[in-house]
Amino acid sequence: QVQLVESGGGLVKAGGSLRLSCVASGRTVNDYVMGWFRQAPGKEREFVAAITSTGDITLYADSVKGRFIISRDNAKNTVWLQMGSLQPEDTAAYYCVVDITGWRIKKIPNEYDYWGQGTQVTVSS
């Protein structure tokens, strides 16, 4: 079992920045893809970004490319999402995820095995 705990969400004005953190416990996640999804009220969960186990490959949703950066530190079992130039449409609950079944990055929510409880990001205009 893997437990994921996110932190760093909050209220920020448009154009501002936030850094989300996700710490994994219960099992090492060094060998697995980690990532972030988000879900706004009334909308489906949306892929945001993911990173391979070694950190050499990252993938971003088009909507966040150039504004968000995903990174990880396997020694700390931690993945981060640095979010910049935030816009009201980025408002959502953000979820940390782990995929223990493969090394390729996937964009489908059901492909991920473990989910955190989510952290809320609210961007005011």
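Report on the accompanying structure.

Reading the values: the criteria
- Residues numbered from 1 in each chain as written.
- Predicted model: local features only at pLDDT ≥ 70, side-chain atom pairs only at ≥ 80, totals over all residues.
- Heavy atoms only, no water.
- Disulfide = S-S within 2.5 Å.
- Helix = DSSP H or I, 4+ residues; strand = E, 2+ residues; numbered from the N terminus.
- Buried < 20%, exposed > 50% of the residue type's maximum accessible area, 1.4 Å probe, protein only.
- Salt bridge = Lys/Arg side-chain N within 4 Å of Asp/Glu carboxyl O.

## Observations regarding the state of the cysteines
Every disulfide links exactly two cysteines, by a covalent bond between their sulfur atoms.
Thought 1: A complete count under the given rule lists one disulfide for this structure.
Thought 2: Disulfide partner of Cys-22: Cys-96, at an S-S distance of 2.1 Å. Across the S-S bond linking Cys-22 and Cys-96, the dihedral sits near -80°, which makes this disulfide left-handed. On the criterion of sequence distance, the pair formed by Cys-22 in strand 3 (residues 18–25) and Cys-96 in strand 9 (residues 92–99) is long-range, its members being 74 residues apart. An identical accessibility class is assigned to Cys-22 and Cys-96; each is buried.

## Remarks on the pattern of salt bridges
Thought 1: Using the criterion set out here, one finds five salt bridges in the structure.
Thought 2: The closest approach of N and O atoms between Arg-38 and Asp-90, which form a salt bridge, is 2.9 Å. Note that Arg-38 is positioned in strand 4 (residues 33–39) and Asp-90 in the loop between strand 8 (78–83) and strand 9, a separation of 52 residues in sequence.
Thought 3: Classification of Asp-90 by relative accessible area gives buried; the value is 0%.
Thought 4: Between Asp-99 and Lys-106 there is a salt bridge, with the nearest N and O atoms lying 3.0 Å from each other.
Thought 5: Residue class for Asp-99 comes out buried when judged on its relative accessible area of 0%.
Thought 6: Through salt bridges with shared partners, a single network forms among Arg-38, Glu-46, Arg-67 and Asp-90.

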